[in-house]
Each structure stands twice: as C-alpha cells, then as structure tokens.
Amino acid sequence: MSTDTPSAPAPDHGEGPESGPAADRRGLVILPTYNEIDSIAGIISAVLARDSRLSVLVVDDASPDGTGALVDSIAAEQRRVHALHREGKSGLGSAYVAGFRWALERDFDLIFEMDADGSHDPRYLSDMIAATAAFDVVVGSRYTAGVNVINWPMSRLLLSYYANKYARFVTGLRLADSTSGFKCFTRPVLEALDLDAVGSTGYTFQIEMNFRAWKKGFRIGEVPIVFTDRAAGQSKMSGAIVREAVWRVWALRLRSLFGRL
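Residues numbered from 1 in each chain as written. Predicted model: local features only at pLDDT ≥ 70, side-chain atom pairs only at ≥ 80, totals over all residues. Heavy atoms only, no water.

## Describing the packing of aromatic side chains
How two aromatic rings sit relative to each other is set out by the distance from centre to centre and by the angle between their planes.
No. 1: Inspection of every chain in the model, using the stated rule, returns nine aromatic pairs.
No. 2: On the basis of an interplanar angle of 55° and a centroid distance of 5.0 Å, the ring pair of W152 and F227 is categorised as tilted. Of this pair, W152 sits in the loop between strand 6 (149-150) and helix 5 (154-171) while F227 sits in strand 9 (residues 227-228), and the two are 75 residues apart along the sequence.
No. 3: Accessibility expressed as a relative area gives 12% for W152, which makes it buried.
No. 4: The class for F227 is buried, based on a relative accessible area of 7%.
No. 5: An angle of 55° between the planes, with centres 5.9 Å apart, marks the rings of F211 and W214 as tilted. Separated by three residues within a single helix, F211 and W214 lie in helix 7 (residues 204-215), roughly one turn from each other.
No. 6: Counting every residue linked through ring pairs, the aromatic cluster contains Y96, F100, F185 and F205.
No. 7: The residue whose ring lies beneath R106 is W102, and the NZ or CZ to ring-centre distance is 3.8 Å.
No. 8: The ring centre of F227 lies 5.5 Å from the NZ or CZ of R142, which sits over that ring. (Phe/Tyr/Trp six-rings, centres within 6.5 Å; stacked < 30°, edge-to-face > 60°. Helix = DSSP H or I, 4+ residues; strand = E, 2+ residues; numbered from the N terminus. Buried < 20%, exposed > 50% of the residue type's maximum accessible area, 1.4 Å probe, protein only. Lys NZ or Arg CZ within 6 Å of the ring centre and 35° of its normal.)

This is how it looks when you write it as structure tokens:
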C-alpha cells in the first residue's frame, strides 16, 4: 500500500442514485443503539431519504428507554427498516458483527456502519457509495482534510487524534482515521473475514476490521466527512475502551507477524 493516505475523488454529495459501477448495488446501514430514542427516528428517515437502494438495520441492546419498541413501530410501516433485538448491552463490536451476519444472509452488496446519535451526517453516504468504485472498504474520515470535528471538548479531540497516530504507528495502517465508526464494506470483504475471530468490543473494533481487511489485500480508502458530536444522549466512551485500544493494536500486529490473525 502507498505511504500516502488513499482517498477517493472529490465528493459532490449528490442526491439520489448515481450511475456507474455501484448503481445497482443494494446497501444496508447498520445502526447499533442503546438508549437512542431521541435521535433514532430522525436518523432512519434521513438515511432512507438519501437513496432508495438503502435499507436500515437497527441493532438494539435492550434499550431501557424504549428505542427498540420505537424501531419496531417504524419497521411495521416501512419495509426498508429492520430491527435486531439483543438481550442486553454487549458492546459495539459484537453489535456490528451481528449486523454483518444479518446482512450476509441477505442480498446486500454494501454494508455500512453508522452511529445512531446524529454525529454522522447521512449526506456522506452518497460519497461513500461512489468511492466503492475504487475501494473495497471506504472510511468516512475526520482527519484527511485537516481536523473536521464539531463540538468535542479539546481533551476528547486530542485523544481521538493521537489514538489514530498511535494506531498507524503500531499497525502500519496508512489511514488518517482508522478509528472512524462511519464506513462502508463491500460484501466480498465481510465474506472473506473470519468474523468469529474479531475480538475487539469497543472502538478498537474499527481498527481491527480495517487491519484485517488490509491484511487480506483489500483496498481501503477514505472520504472526508465533518463529524458533529451528539446533540442528545450520552457518549459511550469509557476508560475501559481506551485501555482496550492501547493493548489491542499490539496484539493485532503480533498475531499478524506470527500468521495467526
């Protein structure tokens, strides 16, 4: 891979389906939720309005605020909305893996990760779809065109920025934003990866998925996004998530070196 961060052509944020290699691909946007009742309906509506080929799967971890029930009511009226209910809070990584398996059991070609709190703007979905003409994994990057983060405290911004520097140094991944949770996988990537072997539960999950795809020889690129901190609810960041990130990236590198990834 080049020493430069791979990036997609300049985005135009175009409306509606485009022509070209991705024109006939069906996409699934996976939204993990835990107490997101204030934002989930608006996010679902914005995603569906973005492109008629997109469906939504909400993976809800038994949210006590009723998020799951609200999604069920939306799904009852909208055939492109689906809900996957889990018995308890089991972590971001396992929620996405459950969503990946659900998508692979059906005929989806593009599988997206996206936060349900409003921090990821659905308008960038068009850019990501277009970028799959050149890349197998497309990352919505906060750091390819300067620092594009709104409303984060400086401590959180510095943690994120230098965590990406650290991950790049340890793993060799040539990405400006390997921890981004806004991304698109083409179906062959998820079919090729051993999802049972993915061990990260927090935000290190993003690094691990990128690393495993890269080591399989898939092309990973970035498109610039502007990230806006959640307007409602509480962040899921914790000290345990940070500690996992510190050691997990070294474990990934060592497993790769010994052919045990």
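## What to know about the side chain of T171
No. 1: Position of T171 relative to the elements: it lies in helix 5.
No. 2: Side-chain polar atoms of T171 contact the backbone oxygen of A167, separated by 2.6 Å.
No. 3: Among the polar contacts made by the side chain of T171, one reaches the main-chain amide nitrogen of L173 at a distance of 3.2 Å.
No. 4: Not counting residues up to four positions away in its chain, the partners in contact with T171 are I207, F211, W214 and V249. (Polar contact = N/O pair within 3.5 Å; in protein donor to acceptor, adjacent residues only side chain to side chain. Contact = heavy atoms within 4.5 Å.)

## Digging into the side chain of S119
No. 1: By the element assignment, S119 lies in the loop between strand 4 (110-113) and helix 4 (125-131).
No. 2: Given the relative accessible area of 2%, S119 is considered buried.
No. 3: Polar contacts involving the side chain of S119 include one to the side chain of D115, which spans 3.4 Å.
No. 4: Polar side-chain contacts of S119 include one of 2.6 Å to the side chain of D117.

## What about the sheet that holds strand 2 (residues 54-60)?
No. 1: Strand order in the open sheet formed by seven strands is 3-2-1-4-7-5-8, with mixed pairing between adjacent strands. Every interior strand has two partners, whereas the edge strands, strand 3 (81-85) and strand 8 (220-224), have only one. Direction aside, neighbouring strands of the sheet carry axes that sit 20° apart on average.
No. 2: Relative to strand 7 (residues 183-186), strand 4 runs antiparallel, the two sharing four bridges. (Pairing = 2+ DSSP bridges. Axes fitted to C-alpha atoms, helices over the stretch in contact; angles between N-to-C directions.)

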